[in-house]
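Listed below, chain by chain, are the residues.
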Amino acid sequence: MKQRLFILSQYLLPHHLLSRLIGCVAECRIGWLKNRLIAWFAKQYQVNMSEAQVEELSAYEHFNAFFTRALKDGARPLDETPGAILSPADGAISQLGAIEHGRIFQAKGHSFSATELLGGDTSRAAPFMGGQFATVYLSPKDYHRVHMPLAGTLKEMVYVPGRLFSVNQTTAENVPELFARNERVVCLFDTERGPMAVVLVGAMIVASVETVWAGLVTPPKRELKSTRYDAESRGPIELAKGAELGRFKLGSTAIVLFGPEQVQWAEELGAGSPVRMGQLLGNARA
């Protein structure tokens, strides 16, 4: 009954209004308020501040600065295995595997459309059909910056409007097409292993998503918007393996897609496996 009520509330709650309100609190600079909020959060979720560049909680100007904190140099060494595909973020594997019949496995009998995930354009999704996906869930205590699994050249960024359902095991098992329904930012790259997509999926109380090239991704209207970064438009943007790609202001999920016969995920990883940014997620196929 408790689980059913939680799922029902997900459909009834005003997702965007709540997220905007939480976003205002997260940007608050009133000393006593932001300090109490940060201290409570760090204790509640057992955040490891010893690896942060700034360890003193009260030094952060607001909660979002703390939440998107930078780490000390060397805190996340990059796996140096030749052909390594890196985990884009700290968190846990939600699912990973093959994209079959154009669909991506979600949980417990649920899957979602790869085409819808990428914004509904079949030509944009075509290179990934029959390929591989990995979904990484970022928990509240995690480092909330997302990095490049592989070096790449940015070709397109797509803002896809949607709901802001909470993202957790319960919603994954009970909300159909969860990741293709939530608001998201799709980043498409050319890499040495062909096209790669990194999708930053929003969730309840996720105030916003930022990328290193566009800053805060907040279109004036909640409607699909595609931005090209080729030579004819803004010019390509190249990012090295392990470079920061973007960040969540109150986190969620990153989904990585590759085309067919390009990567093989590490055998020891499966649903629920903890991962850290920079560790081996998979290998380029010969």
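Residues numbered from 1 in each chain as written. Predicted model: local features only at pLDDT ≥ 70, side-chain atom pairs only at ≥ 80, totals over all residues. Heavy atoms only, no water.

- An unreviewed UniProt entry lists the protein under the name Phosphatidylserine decarboxylase proenzyme, from Pseudomonas berkeleyensis.
- Within the UniProt record for the protein, the comment given under Subcellular location (unreviewed entry) is "Cell membrane". (UniProt positions renumbered as here; feature names shortened; annotations may be inferred.)

1. Notes on a nonpolar patch on the surface
Thought 1: A contiguous nonpolar surface patch, about 310 Å² in accessible area, is contributed by Ile-30, Trp-32 and Leu-33.
Thought 2: Considering the arrangement of structural elements, one finds Trp-32 in helix 3 (residues 31–44).
Thought 3: Using a relative accessible area of 55% as the deciding quantity, one classes Trp-32 as exposed. (Patch = residues over 30% accessible without salt bridge, like charges linked within 9 Å, V, L, I, M, F, W, Y side chains within 5 Å. Areas by Shrake-Rupley, 256 points an atom, 1.4 Å probe, with all protein chains shown as cover. Salt bridge = Lys/Arg side-chain N within 4 Å of Asp/Glu carboxyl O. Helix = DSSP H or I, 4+ residues; strand = E, 2+ residues; numbered from the N terminus. Buried < 20%, exposed > 50% of the residue type's maximum accessible area, 1.4 Å probe, protein only.)

2. Some details on the UniProt feature "active site" (unreviewed entry) in the protein
Thought 1: Listed under "active site" (unreviewed entry) in the UniProt record, and renumbered for this structure, are Asp-90, His-147 and Ser-252. Judged by maximum C-alpha separation, these annotated positions cover 163 residues in sequence but sit close together in space, the widest gap being only 14.3 Å.
Thought 2: Within the secondary structure layout, Asp-90 lies in the loop between strand 1 (84–86) and strand 2 (91–98).
Thought 3: Given a relative accessible area of 4%, Asp-90 falls into the buried group.
Thought 4: In this structure Asp-90 touches Arg-76, Val-136, Tyr-137, Leu-138, Asp-142, Tyr-143, Val-275, Arg-276 and Met-277, once residues within four positions along its chain are discounted.
Thought 5: For Asp-90, the side chain forms a polar contact with the side chain of Arg-76, separated by 2.6 Å.
Thought 6: Checked against the element boundaries, His-147 lands in strand 6 (residues 145–147).
Thought 7: By relative accessible area, which is 7% here, His-147 ends up buried. (Contact = heavy atoms within 4.5 Å. Polar contact = N/O pair within 3.5 Å; in protein donor to acceptor, adjacent residues only side chain to side chain.)

3. Overview of the packing of aromatic side chains
Thought 1: Under the definition given, this model contains 13 aromatic pairs.
Thought 2: Between Phe-189 and Trp-213, the ring centres sit 6.2 Å apart and the planes meet at 85°, which makes this aromatic pair edge-to-face. A residue pair is termed long-range when its members are at least 10 positions apart, and Phe-189 in strand 8 (residues 184–191) and Trp-213 in the loop between strand 10 (208–211) and strand 11 (215–216) qualify at 24 residues. Both residues of the pair, Phe-189 and Trp-213, count as buried.
Thought 3: By way of ring pairs, the aromatic residues Trp-40, Phe-41, Tyr-45, Tyr-60, Phe-63, Phe-66 and Phe-67 are connected into one cluster.
Thought 4: A cation sits over an aromatic face here: Arg-69 above Phe-66, 4.9 Å from the ring centre. (Phe/Tyr/Trp six-rings, centres within 6.5 Å; stacked < 30°, edge-to-face > 60°. Lys NZ or Arg CZ within 6 Å of the ring centre and 35° of its normal.)

4. Considerations on the environment of Pro-88
Thought 1: Mapped onto the fold, Pro-88 is located in the loop between strand 1 and strand 2.
Thought 2: Its relative accessible area of 0% is what places Pro-88 among the buried residues.
Thought 3: Through-space distance from the C-alpha of Pro-88 to that of Arg-276 is 8.0 Å; in sequence the pair is 188 residues apart.
Thought 4: Not counting the four nearest positions on each side in its chain, Pro-88 is found in contact with Val-136, Arg-145, Val-146, His-147, Pro-149, Ala-254, Val-256, Met-277 and Leu-281.

5. Things to note about the UniProt feature "modified residue: Pyruvic acid (Ser)" (unreviewed entry) in the protein
Thought 1: Using the residue numbers shown here, the UniProt feature "modified residue: Pyruvic acid (Ser)" (unreviewed entry) corresponds to Ser-252.
Thought 2: When you line up the elements, Ser-252 lands in the loop between strand 14 (244–249) and strand 15 (253–258).

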